[in-house]
Amino acid sequence: MMRRRFFGSLVAIAAMASLMGGCTKKSGETGTDGGASAAGGSEFLIGEYGSFTGSEATFGQSTSKGLKMAIEEKNKAGGIKGKQIKLISLDDQGKAEEAAAAVTRLITQNKVQAVIGEVASSRSLAAAPIAQQHKVPMISPSSTNPKVTEIGDYVFRVCFIDPFQGTVMAKFASENLKAKKVAILRDVKSDYSVGLADFFSKKFKELGGEITNDVSYQSGEMDFKGQLTQIKGAKPDAIYVPGYYTEVGLIARQARSLGITVPLMGGDGWDSSKLSEIGGPAINGSYFSNHYTTESTDPVVVDFIKRFKERHNETPDGLAALGYDAGKILFEAAERATDLTGPAIREQLAKTRDFVGVTGKISIDAQRNANKPAVVVKVDGTTNRYVTTISP
Ligand code: PHE
């Protein structure tokens, strides 16, 4: 019921956006021919949509830095089938309606041949039906909710999924932290948060643990003291907060100010340089699952971090690494494809096996997901210290 109404208004917004020539803000449109490039054009034209502004701005910005690095490297090496790759980037401001409008515009007006995005599962879910309908391959670098790739056979991802990620932290809580009782604080407006909370809860109970409270908030809220007071009363050994960094930072501060001292735990949505800025010392000592660790000694990772730092003077987060991997997987598939049409690229994407990525070895399975290990890290100021690796 909710879902149907949501999609109804989405279609209306997307249609309106394309009639008006798109109300989506452009950001860094680098294509020059505004749509003349199709499968037979002189360039390989790809689109990306993401949160370049808004409360999750580091998600879109980091992903784009990684993707652009992959594009530059490939173009220097001669491009794809002799064509240079051109990128058109659209800002969705972290809003699902804007994500749908951006993908509509990239496909129908700019005529991109493939789409990279989104980070957040709710926004990938809003936009993927459009890519599917137009038979334009879409790769989400980092949306982990299982429903994303279930949209259709043109929708791929290069990251693990949340039934696994939830299990990782449930095991970690039980085996490493020896937690018996955990409280959950979930964002009910985020498909990602709701899914991850459910997967964690199921696994933690299977392992013999107890969920003391399962309370919620809505992204954008800033006062969590009511929920935290309730949680404090139940005396859990840890609190699972599978949300995004902006709210998590505030939740950590408010938890500590209420005298809650147990560790917080979370998922990949914590991964941002802004987490420690917002959370301050309150977030230190908390744990989250993630796609890679900057403390890895794997030469592929070390080399990527070195080159990224030379360009941006900052350490790449997991999103930058996934944006880079998503781009490279797309380019390899396009290179192998018989031509640069959607169906031909799609066919090759589905055949991706043992691709050596910065975020691990990537094989695309029959559901168009990637089966990969996760790492658990501990927040220590601006550094996330590597704790352990958990394999599927
Ligand atoms: N996995 C999150 C989601 O699906 C997005 C995310 C991935 C955020 C990686 C940060 C880092 O919504």
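A few points on the structure. Within each chain, residue numbers correspond to sequence positions counted from 1 in written order. Note on the predicted model: pLDDT of at least 70 is required for a residue's local features to be given, and 80 or more for side-chain atom pairs to be given and counted; whole-chain, interface and lining totals, by contrast, use all residues. Computation of side-chain values covers all heavy atoms of the structure but excludes hydrogens and water.

### Some points on the overall build of the chain
Here's step 1: Secondary structure follows DSSP: runs of H or I at least 4 residues long count as helices, runs of E at least 2 residues long count as strands, and numbering of each begins at the N terminus. When you go through the chain residue by residue, the secondary structure sums to 13 helices and 15 strands.
Here's step 2: We compute the radius of gyration from the C-alpha atoms alone; for a globule the expected value is 2.2 Å times N to the 0.38, where N is the number of residues. Relative to the 2.2 N^0.38 estimate, which gives 21 Å for 392 residues, the radius of gyration of the chain is 20 Å and therefore close to what a compact globule would have.
Here's step 3: Based on the C-alpha atoms only, the size of the chain along its principal axes is roughly 65 × 50 × 35 Å.
Here's step 4: When accessible area is computed with a 1.4 Å probe and restricted to protein chains, residues below 20% of their type maximum are described as buried, those above 50% as exposed, and intermediate ones as partly exposed. Burial statistics for the chain: of 392 residues in total, 56% are counted as buried.
Here's step 5: Contact criterion: two residues are considered in contact whenever any of their non-hydrogen atoms come within 4.5 Å of each other. A separation threshold of at least 6 residues defines the contact pool for the chain, and within that pool the share at least 24 residues apart is 69%.
Here's step 6: In these tables, accessible area is a Shrake-Rupley quantity obtained with a 1.4 Å probe, and a residue counts as shielded only by the protein chains included in the view. In the structure as shown, the chain presents an accessible area of about 15300 Å², 53% of it carried by carbon and sulfur atoms.
Here's step 7: Charge separation in the chain, taken as the distance between the mean sites of 48 positive and 43 negative side-chain charges, equals 2 Å. Just so you know, the count uses Lys and Arg for positive and Asp and Glu for negative, and it drops His and the chain ends. Charge coordinates come from a single atom per side chain, which is NZ of Lys, CZ of Arg, CG of Asp or CD of Glu.

### Concerning the pattern of salt bridges
Here's step 1: Any carboxyl oxygen of Asp or Glu that lies within 4 Å of a side-chain nitrogen of Lys or Arg is treated as forming a salt bridge with it. Scanning all chains against the criterion turns up 19 salt bridges.
Here's step 2: The closest approach of N and O atoms between Arg307 and Glu73, which form a salt bridge, is 2.1 Å. Taken as a pair, Arg307 in helix H11 (residues 299-312) and Glu73 in helix H2 (residues 57-76) lie far apart in primary sequence, 234 residues in all.
Here's step 3: Judged by relative accessible area, which is 23%, Arg307 ranks as partly exposed.
Here's step 4: The closest approach of N and O atoms between Asp223 and Lys225, which form a salt bridge, is 3.7 Å.
Here's step 5: Lys225 gets classed as partly exposed once you look at its relative accessible area, which sits at 38%.
Here's step 6: Where salt bridges share partners, they join Glu56, Glu118 and Arg123 into one cluster.

### Thoughts on the sheet that holds strand S10 (residues 264-266)
Here's step 1: The sheet built from seven strands is open, its strands ordered S8-S7-S9-S10-S11-S14-S15 with mixed pairing. Every other strand in the sheet has two partners, leaving strand S8 (210-217) and strand S15 (383-390) as the edge strands with one partner each. Strand-to-strand twist of the sheet, defined as the mean angle between neighbouring strand axes without regard to direction, takes the value 25 degrees.
Here's step 2: Strand pairing follows a simple DSSP-based rule, namely that at least 2 bridges must link the two strands. Note: strand S7 (residues 181-187) against strand S9 (residues 238-240), three bridges, orientation parallel. Each residue of the ladder has a partner; that of Ile184, found in S9, is Tyr240.
Here's step 3: Interaxial angle, 0 to 180 degrees, is taken between N-to-C directions of lines fitted to C-alpha atoms, where a helix line uses only the stretch in contact. Along the sheet, helix H6 (residues 162-176) contacts S9, S10, strand S11 (287-290), strand S14 (374-380) and S15; its crossing angle with S11, the most-contacted strand, is approximately 145 degrees.

### What to know about the packing of aromatic side chains
Aromatic ring pairs are described here by two measures, namely the spacing of the ring centres and the angle between the planes.
Here's step 1: Here the aromatic set is Phe, Tyr and Trp, taking the six-membered ring for Trp, and pairing holds for ring centres within 6.5 Å; pairs whose planes are under 30 degrees apart are stacked, those over 60 apart are edge-to-face, and all others are tilted. Under the counting rule described, the total for this entry stands at 11 aromatic pairs.
Here's step 2: Look at Tyr192 and Tyr244: their rings are 5.3 Å apart centre to centre, the planes differ by 10 degrees, and that puts the pair in the stacked class. Of the two residues, Tyr192 sits in helix H7 (residues 191-206) while Tyr244 sits in the loop between S9 and helix H9 (245-257), which places them 52 residues apart along the sequence.
Here's step 3: Overall, Tyr244 belongs to the buried group, its relative accessible area being 9%.

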